[in-house]
Amino acid sequence: MILPDEQKVQLQTKSLDYDILIIATGTKIVPEETEGMKGPMWHKNIFDFYTYEGAKALRNKLRKWKGGTMLVHITEMPIKCPVAPLEFAFLADAFFTNKGMRDSVHIKIVTPLSGVFTKQKANEALHHLLIEKNIEEVTDFNIERVDYENNKIIDYADREVAYDLLVTVPTNMGDPVIERSGLGDELHFVPTHKTTLQTIAHENIFALGDATNLPASKAGSVAHFEAEILTENILRYIDGQPLKKEFDGHANCFIETGYNKALLIDFNYTQEPVTGTFPFPGVGPLKLLEESRSNHWGKMAFRWIYWNMLIKGVHIPFVSATMTKKGKNI
Amino acid sequence: MKKVIANTTVECTEEGYLTDFGQWNKDIARAIAKEQGIELGDDHWKVIEYLQEKHQKEEALTIRGIKKSGVIDVKTFYKLFPGGPLKKATMIAGIPKPKGCI
């Protein structure tokens, strides 16, 4: 565990002293938080896809599944990669269509939020995709329990949604070490200054990515942009200079929509996703908040960029840590 | 935009959330509640005070928070503010609608 007063990290057999600590312990799914979720039907007709075991079990299930009602369900916010459930639903639509069995599959997204897209402009611009792809939405659904014997989920208002296959995103929580160390909020995320990335409780502890309680998306792009600002702030902290209040919640996400098309969104704490061109204003070649083939190829190119540039600490070409308003239709 | 609630002109969003908590008072709360078909009783006020307190501390308002608050259990919360309890309760409490991240 972390012992902030002693400036020590206690491991099982030894301890490590520190002057400055960066917490980047991420987030994990905790299906045990919902009654009936991780019961006898876990990985039989109730699946997650945020763990290797869950994703593999779901893949095997989908290969032989004969159809019925498939729920894509979000337990509570925040979750890692908030667009993943939506992307899963889009890809499932394409998958079942390609298998020639789309007619026998009923896809419903069930969310605790008021819409599948929580931001108004995204909802307006993208709602047509749900209609085109015949994906139904059930909103404002705060799950109370899974009735795994009768294959239905029930919310606090006693609404019931039946399923044959439940693909759920369980409650996300920070690492248990954060709870053990007394450094987290009720979901074990570390309270962190949203612009500097210094933790609220300890000035020599910084936090990065999914482990923080920042009101930004828990996404790889966010952690990447944060890292650039964090590096600078740690250098400033060592030099005794004031920290830069620079992080703006910048997130940039591709959303695969199936059939070799994708969406791209670019937003921050205050600017919701809007239409436009990216990364070159007026030119693109990528389009914001609009389905296109070039976005899909952008995503494919990003795989290479990820392994060959990001992992090595090279800047993403043409994309800055803070969001630009250029090329956005605001 | 401006709206007249309980004979007072207040600033609010298109959805009807007050944008300046300084303009909130109990009469306004009762009037907003009435528009939502809710008659405020003691339990409602307890929830409203809890939400306002959390909001002042800049803590996120969630169903989980309600569950752990000890103020009220979630089932009762749904009965007090039927259909979207967090959205309705925050509107009545004069604080912003809780946001989700995309």
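Predicted model only: the values in this text are computed from it and were never measured.

Time to look at the pattern of salt bridges. For the structure on display, the rule yields 23 salt bridges over all chains. When the shortest N-O distance is used, the salt bridge between A:E144 and B:K75 registers 3.2 Å. Separated into two different chains, A:E144 in strand β10 (residues 143-147) and B:K75 in helix α4 (residues 74-80) make up a pair that spans both. For B:K75, a relative accessible area of 24% gives the class partly exposed.

Okay, the sheet that holds strand β8 (residues 105-110) of chain A next. All names here are of chain A. What the five strands build is an open sheet, ordered β6-β13-β7-β8-β9; its pairing is parallel. Where the open sheet ends on each side, the last strands, each with one partner, are β6 (46-47) and β9 (135-138). Of the pairings in the sheet, the one linking β6 to strand β13 (residues 165-169) comprises two bridges and is parallel in character. Within β13, the residue paired with F47 across the bridge is V167.

Residues and elements named next belong to chain A. In the structure shown here, the tally under the stated rule is twelve aromatic pairs over all chains. For the ring pair F49 and F88, a centre distance of 5.0 Å and an interplane angle of 10° mean the geometry is stacked. Pair noted here: F49 is in the loop between β6 and α1 (52-64) and F88 is in helix α2 (residues 84-98), with a separation of 39 residues, a long-range link. When its relative accessible area of 15% is taken as the criterion, F88 is described as buried. What links up through ring pairs into an aromatic cluster is the set F49, Y50 and F88.

So, on to the interface of chain B and chain A. Taken together, the 13 residues of chain B in the interface contact 26 residues of chain A. Buried area between chain B and chain A, both sides added, is near 1,700 Å², and the carbon and sulfur share of it is 53%. Taken together, chain B and chain A are joined by five salt bridges. Between the two partners, chain B and chain A, sit eight residue pairs in polar contact (both at pLDDT 80 or more). The set of elements that each furnish at least two residues to the side of chain B that touches chain A consists of α3 (63-69) and α4 of chain B. For the side of chain B that touches chain A, the element with the most residues is α3(B), which contributes five residues.

We now examine a nonpolar patch on the surface. Residues and elements named next belong to chain A. On the surface, F280, V283 and F318 cluster together to form a nonpolar patch covering roughly 340 Å² of accessible area. Residue position: F280 is located in strand β18 (residues 276-280). Residue classification places F280 among the partly exposed positions, given a relative accessible area of 33%.

Taking burial as the measure, the seven residues of strand β17 (residues 261-267) of chain A include six buried ones, the bulk of the element. Joining the antiparallel neighbours strand β16 (residues 251-258) of chain A and β17(A) is a turn of two residues, in which A:Y259 adopts a positive phi near 55°.

Further remarks concern the environment of A:M101. Residue and element names in this part refer to chain A. Relative to the helices and strands, M101 is located in the loop between α2 and β8. For M101, a relative accessible area of 13% corresponds to the buried category. Residues M101 and L130, 29 residues apart in the sequence, show an inter-C-alpha distance of 18 Å. Those residues in contact with M101, other than ones at most four positions away along the chain, are W65, K66, G67 and F96.

The next point concerns the domain arrangement of chain A. Residues and elements named next belong to chain A. As assigned here, chain A comprises domain 1 (29-173) and domain 2 (251-310). Taken together, the contacts link 16 residues of domain 1 with 14 residues of domain 2. Both faces combined, the contact of domain 1 with domain 2 buries some 1,300 Å², and carbon together with sulfur accounts for 67% of it. With its nearest N and O atoms 3.7 Å apart, the salt bridge here joins E291 to K133. Linking domain 1 with domain 2 are four residue pairs in polar contact (both at pLDDT 80 or more). Elements with a contribution of two residues or more to the side of domain 1 that touches domain 2: α2 and α3 (120-132). Among the elements that make up the side of domain 1 that touches domain 2, the one with the highest residue count is α2 (seven residues). In terms of residue class, the side of domain 1 that touches domain 2 is built from eight nonpolar, three polar and five charged.

This next bit is on the sheet that holds strand β3 (residues 15-17) of chain A. All names here are of chain A. The sheet built from three strands is open, its strands ordered β1-β2-β3 with antiparallel pairing. Strands at the two margins of the open sheet, each flanked by one partner only, are β1 (2-3) and β3. Pairing between β1 and strand β2 (residues 8-10): two bridges, direction antiparallel. Within the sheet, the bridge partner assigned to L3 lies in β2 and is K8.

Criteria and cut-off values
Residues numbered from 1 in each chain as written. Chains lettered and ligands numbered in written order. Predicted model: local features only at pLDDT ≥ 70, side-chain atom pairs only at ≥ 80, totals over all residues. Heavy atoms only, no water. Salt bridge = Lys/Arg side-chain N within 4 Å of Asp/Glu carboxyl O. Helix = DSSP H or I, 4+ residues; strand = E, 2+ residues; numbered from the N terminus. Buried < 20%, exposed > 50% of the residue type's maximum accessible area, 1.4 Å probe, protein only. Pairing = 2+ DSSP bridges. Phe/Tyr/Trp six-rings, centres within 6.5 Å; stacked < 30°, edge-to-face > 60°. Contact = heavy atoms within 4.5 Å. Buried area = accessible area lost by both parts, 1.4 Å probe. Polar contact = N/O pair within 3.5 Å; in protein donor to acceptor, adjacent residues only side chain to side chain. Patch = residues over 30% accessible without salt bridge, like charges linked within 9 Å, V, L, I, M, F, W, Y side chains within 5 Å. Areas by Shrake-Rupley, 256 points an atom, 1.4 Å probe, with all protein chains shown as cover. Domains from an automatic or database assignment. Nonpolar A, V, L, I, M, F, W, Y, C, P; charged D, E, K, R; others polar.

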